[in-house]
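Spelled out from the first residue to the last, the chains are:
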Amino acid sequence: MNITFVISSLAAGGAQRVMSLLANHWAQVGYRVTLLAFSRPGVEPYFPLASHVKYVPLGIEGESSNLIEGISKNLRRIIHLRRAIRVSAPQVVISFMDQVNVLTVLATRGLGVPIIVSVRVDPLSAPTGEIWRFLRNRVYPFANRIVVQTRLVRQSFPQKLQDKVAIIPNPVLPPPPVTYPRLPASTHS
(Lines give C-alpha, C1' and ligand atoms only; values in the text may rest on other atoms or scores of the structure.)
Protein backbone atom coordinates (compact mmCIF):
# COMPACT_ATOMS: atom_id res chain seq x y z
CA MET A 1 0.00 0.00 0.00
CA ASN A 2 1.30 3.45 -0.91
CA ILE A 3 -0.01 6.26 1.29
CA THR A 4 0.61 9.96 0.78
CA PHE A 5 -0.03 12.35 3.67
CA VAL A 6 -0.44 16.09 3.15
CA ILE A 7 -0.16 18.80 5.84
CA SER A 8 0.86 22.45 6.03
CA SER A 9 3.92 21.76 8.18
CA LEU A 10 5.36 19.38 10.72
CA ALA A 11 5.90 22.09 13.33
CA ALA A 12 4.88 21.46 16.94
CA GLY A 13 1.13 20.84 17.13
CA GLY A 14 -1.51 18.21 17.76
CA ALA A 15 -2.38 17.49 14.12
CA GLN A 16 1.30 17.25 13.26
CA ARG A 17 1.88 14.82 16.13
CA VAL A 18 -1.00 12.60 15.02
CA MET A 19 0.14 12.63 11.38
CA SER A 20 3.70 11.70 12.36
CA LEU A 21 2.39 8.83 14.53
CA LEU A 22 0.25 7.50 11.68
CA ALA A 23 2.99 7.87 9.08
CA ASN A 24 5.53 6.13 11.34
CA HIS A 25 3.14 3.29 12.17
CA TRP A 26 2.20 2.54 8.59
CA ALA A 27 5.81 2.78 7.42
CA GLN A 28 6.85 0.34 10.17
CA VAL A 29 4.23 -2.22 9.12
CA GLY A 30 5.53 -2.13 5.56
CA TYR A 31 3.51 0.49 3.69
CA ARG A 32 5.32 2.96 1.46
CA VAL A 33 4.67 6.35 3.07
CA THR A 34 5.27 9.80 1.61
CA LEU A 35 4.61 12.87 3.73
CA LEU A 36 4.16 16.11 1.77
CA ALA A 37 4.37 19.35 3.75
CA PHE A 38 3.87 22.89 2.49
CA SER A 39 6.98 23.88 4.53
CA ARG A 40 10.11 25.20 2.89
CA PRO A 41 13.03 22.81 2.44
CA GLY A 42 15.52 22.82 5.31
CA VAL A 43 12.86 23.06 8.04
CA GLU A 44 13.15 19.86 10.02
CA PRO A 45 9.99 18.17 11.37
CA TYR A 46 9.37 18.79 15.08
CA PHE A 47 8.21 15.20 15.57
CA PRO A 48 10.57 12.37 14.60
CA LEU A 49 9.78 10.40 11.47
CA ALA A 50 10.78 6.80 10.82
CA SER A 51 13.73 6.56 8.45
CA HIS A 52 11.55 4.94 5.78
CA VAL A 53 8.96 7.77 5.73
CA LYS A 54 9.75 9.90 2.70
CA TYR A 55 9.40 13.52 3.89
CA VAL A 56 9.01 16.07 1.08
CA PRO A 57 8.86 19.78 2.05
CA LEU A 58 7.26 21.47 -0.96
CA GLY A 59 8.19 25.10 -0.19
CA ILE A 60 4.68 26.39 -0.93
CA GLU A 61 3.69 27.85 2.45
CA GLY A 62 3.10 31.53 3.07
CA GLU A 63 0.50 34.19 3.65
CA SER A 64 -1.18 36.37 1.04
CA SER A 65 -1.71 40.08 1.44
CA ASN A 66 -4.90 40.31 -0.64
CA LEU A 67 -7.54 38.22 -2.42
CA ILE A 68 -5.87 38.29 -5.86
CA GLU A 69 -2.52 37.23 -4.44
CA GLY A 70 -4.26 34.52 -2.40
CA ILE A 71 -6.01 33.09 -5.46
CA SER A 72 -2.77 33.14 -7.45
CA LYS A 73 -0.70 31.48 -4.70
CA ASN A 74 -3.33 28.83 -4.06
CA LEU A 75 -3.59 27.94 -7.75
CA ARG A 76 0.20 27.48 -7.79
CA ARG A 77 -0.05 25.39 -4.60
CA ILE A 78 -2.66 23.13 -6.21
CA ILE A 79 -0.50 22.63 -9.33
CA HIS A 80 2.65 21.95 -7.30
CA LEU A 81 0.80 19.64 -4.91
CA ARG A 82 -0.82 17.72 -7.77
CA ARG A 83 2.62 17.07 -9.30
CA ALA A 84 4.02 15.88 -5.96
CA ILE A 85 1.04 13.58 -5.38
CA ARG A 86 1.44 12.07 -8.85
CA VAL A 87 5.16 11.46 -8.22
CA SER A 88 4.37 9.70 -4.93
CA ALA A 89 1.99 7.32 -6.81
CA PRO A 90 -0.36 6.80 -3.85
CA GLN A 91 -3.21 4.37 -3.49
CA VAL A 92 -4.75 6.78 -1.00
CA VAL A 93 -4.14 10.41 0.01
CA ILE A 94 -4.75 11.54 3.59
CA SER A 95 -4.86 15.27 4.26
CA PHE A 96 -4.98 17.15 7.59
CA MET A 97 -6.33 20.66 8.35
CA ASP A 98 -9.09 22.64 6.63
CA GLN A 99 -7.24 24.80 4.11
CA VAL A 100 -4.82 22.03 3.19
CA ASN A 101 -7.78 19.65 2.86
CA VAL A 102 -9.49 21.98 0.38
CA LEU A 103 -6.32 22.37 -1.71
CA THR A 104 -5.61 18.63 -1.59
CA VAL A 105 -9.11 17.67 -2.73
CA LEU A 106 -8.77 20.11 -5.63
CA ALA A 107 -5.27 18.81 -6.46
CA THR A 108 -6.47 15.20 -6.61
CA ARG A 109 -9.53 15.78 -8.79
CA GLY A 110 -9.36 13.48 -11.79
CA LEU A 111 -6.40 11.44 -10.52
CA GLY A 112 -8.59 8.50 -9.51
CA VAL A 113 -7.01 8.33 -6.07
CA PRO A 114 -9.21 8.07 -2.97
CA ILE A 115 -8.86 11.09 -0.67
CA ILE A 116 -9.46 11.18 3.08
CA VAL A 117 -9.60 14.58 4.75
CA SER A 118 -9.08 14.88 8.48
CA VAL A 119 -10.72 17.82 10.23
CA ARG A 120 -8.70 18.48 13.35
CA VAL A 121 -10.82 21.31 14.85
CA ASP A 122 -14.49 22.08 15.31
CA PRO A 123 -15.44 24.06 12.17
CA LEU A 124 -18.00 26.07 14.16
CA SER A 125 -15.64 27.17 16.95
CA ALA A 126 -12.54 27.71 14.81
CA PRO A 127 -13.80 29.45 11.67
CA THR A 128 -11.36 29.62 8.79
CA GLY A 129 -12.97 32.58 7.05
CA GLU A 130 -15.88 32.98 4.69
CA ILE A 131 -14.01 32.05 1.51
CA TRP A 132 -12.48 28.87 2.99
CA ARG A 133 -15.84 27.88 4.51
CA PHE A 134 -17.46 28.33 1.07
CA LEU A 135 -14.71 26.25 -0.58
CA ARG A 136 -14.88 23.57 2.11
CA ASN A 137 -18.62 23.19 1.58
CA ARG A 138 -18.09 22.87 -2.19
CA VAL A 139 -15.11 20.48 -2.27
CA TYR A 140 -15.59 18.20 0.77
CA PRO A 141 -18.34 16.28 -1.08
CA PHE A 142 -15.56 15.08 -3.45
CA ALA A 143 -13.61 13.52 -0.58
CA ASN A 144 -14.13 9.80 -0.10
CA ARG A 145 -14.13 10.14 3.69
CA ILE A 146 -14.09 12.98 6.21
CA VAL A 147 -12.51 12.08 9.55
CA VAL A 148 -13.38 14.02 12.70
CA GLN A 149 -12.54 13.39 16.34
CA THR A 150 -15.93 13.77 18.04
CA ARG A 151 -19.65 13.27 17.51
CA LEU A 152 -20.21 17.00 18.08
CA VAL A 153 -17.88 17.92 15.22
CA ARG A 154 -19.57 15.30 13.01
CA GLN A 155 -22.92 16.99 13.67
CA SER A 156 -21.53 20.33 12.46
CA PHE A 157 -21.40 18.98 8.90
CA PRO A 158 -24.41 19.27 6.58
CA GLN A 159 -26.74 16.27 6.43
CA LYS A 160 -25.65 15.49 2.86
CA LEU A 161 -22.10 14.78 4.14
CA GLN A 162 -23.03 12.76 7.25
CA ASP A 163 -22.55 9.40 5.49
CA LYS A 164 -18.96 10.37 4.60
CA VAL A 165 -18.00 11.43 8.13
CA ALA A 166 -16.16 8.95 10.37
CA ILE A 167 -15.32 9.60 14.01
CA ILE A 168 -11.79 8.53 14.92
CA PRO A 169 -10.36 9.91 18.19
CA ASN A 170 -6.67 10.73 18.48
CA PRO A 171 -4.41 7.73 18.93
CA VAL A 172 -3.00 7.10 22.38
CA LEU A 173 0.34 5.43 22.74
CA PRO A 174 1.00 3.13 25.65
CA PRO A 175 3.47 4.54 28.15
CA PRO A 176 7.01 3.28 27.79
CA PRO A 177 7.85 0.38 30.10
CA VAL A 178 9.24 1.40 33.44
CA THR A 179 12.59 -0.06 34.26
CA TYR A 180 13.77 -0.21 37.80
CA PRO A 181 17.42 -0.29 38.76
CA ARG A 182 18.64 -3.67 39.84
CA LEU A 183 19.47 -3.81 43.47
CA PRO A 184 22.76 -5.41 44.37
CA ALA A 185 22.42 -8.97 45.56
CA SER A 186 22.66 -9.19 49.29
CA THR A 187 25.14 -11.54 50.80
CA HIS A 188 24.02 -13.37 53.86
CA SER A 189 26.53 -15.16 56.04
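Note that the structure is a prediction, hence the values are computed from the model and not measured.

Enquirer: Go over the overall build of the chain with me, naming the residues and quoting the values.
Expert: When you go through the chain residue by residue, the secondary structure sums to five helices and seven strands. Helices and strands appear in the chain in the N-to-C order β-α-β-β-α-β-α-β-α-β-α-β. The dimensions of the chain, computed from C-alpha atoms along their principal axes, are 85 × 35 × 35 Å. In the chain, buried positions account for 39% of the 189 residues.

Enquirer: Could you give an account of the sheet that holds strand 2 (residues 32-37), naming the residues involved and the relevant values?
Expert: Within the open sheet, the seven strands sit side by side as 3-2-1-4-5-6-7. Their pairing is parallel. Strands with a single pairing partner mark the edges of an open sheet, and in this sheet they are strand 3 (53-57) and strand 7 (165-167). Here the average twist between neighbouring strands, direction ignored, is 20 degrees. Here strand 4 (residues 92-96) pairs with strand 5 (residues 115-118) via four bridges, running parallel. In the strand pairing of strand 5, Ser95 is matched with Val117. Where helix 3 (residues 98-108) meets the sheet, it contacts strand 1 (2-7), strand 4 and strand 5, and its direction lies at approximately 155 degrees from that of strand 4.

Enquirer: Tell me what's going on with the packing of aromatic side chains, and back it up with residues and numbers.
Expert: Scanning all chains against the criterion turns up two aromatic pairs. A ring pair is formed by Phe5 and Trp26, whose centres lie 5.9 Å apart and whose planes are at 15 degrees; its orientation type is stacked. Remark: Trp26 occurs in helix 1 (residues 14-28) and Phe5 occurs in strand 1; sequence separation between them is 21 residues. Judged by centre distance (4.8 Å) and plane angle (80 degrees), the ring pair of Tyr46 and Phe47 falls under edge-to-face. For Phe47, a relative accessible area of 17% puts it in the buried group.

Enquirer: Help me get a handle on a nonpolar patch on the surface, residues and values and all.
Expert: A cluster of nonpolar side chains, Leu67, Ile68, Ile71, Leu75 and Ile131, forms an exposed patch at the surface whose accessible area comes to about 510 Å². Per-element accounting of the nonpolar patch gives the leading share, four residues, to helix 2 (residues 67-88). In this structure, Ile131 sits in helix 4 (residues 130-139).

Enquirer: Run through unusual backbone geometry, naming residues and quoting values.
Expert: You will see that Ala89, though not glycine, has its phi angle at about 50 degrees, which is positive. The phi torsion at Met97 lies on the positive side, around 90 degrees, for a residue other than glycine. By secondary structure assignment, the location of Met97 is in the loop between strand 4 and helix 3.

The rules we used
Every chain is numbered independently, its residues counted from 1 as its sequence is written. Local features in this predicted model are restricted to residues of pLDDT 70 or higher, and side-chain atom pairs are both shown and tallied only at a pLDDT of 80 or more, whereas totals for entire chains, interfaces and linings draw on every residue. By convention in this description, side-chain values take in all heavy atoms of the structure and omit both hydrogens and water. Segments assigned H or I by DSSP are reported as helices when at least four residues long, segments assigned E as strands when at least two residues long, and all are numbered from the N terminus. Each residue's exposure class comes from its accessible area (1.4 Å probe, protein chains only) as a fraction of the maximum for that residue type: buried when under 20%, exposed when over 50%, partly exposed otherwise. The pairing criterion is simple: DSSP has to find at least two bridges between the two strands. To define axes, lines are fitted to C-alpha atoms, for helices over the stretch in contact only, and angles between the resulting N-to-C directions are given on a 0 to 180 degree scale. Between two residues, a contact is recorded if the distance between any of their heavy atoms is within 4.5 Å. Note on aromatic pairs: the rings of Phe, Tyr and Trp (six-membered ring only in Trp) are paired at centre separations within 6.5 Å, and the planes decide the class, stacked below 30 degrees, edge-to-face beyond 60, tilted for the rest. Only residues whose relative accessible area exceeds 30% and that form no salt bridge are eligible for patches; like-charged ones are grouped when within 9 Å, while nonpolar side chains (Val, Leu, Ile, Met, Phe, Trp, Tyr) are grouped when within 5 Å. In this description, accessible areas are obtained by the Shrake-Rupley approach with a 1.4 Å probe, and a residue is regarded as covered only by the protein chains that are shown. Any Lys or Arg side-chain nitrogen located within 4 Å of an Asp or Glu carboxyl oxygen qualifies as a salt bridge.

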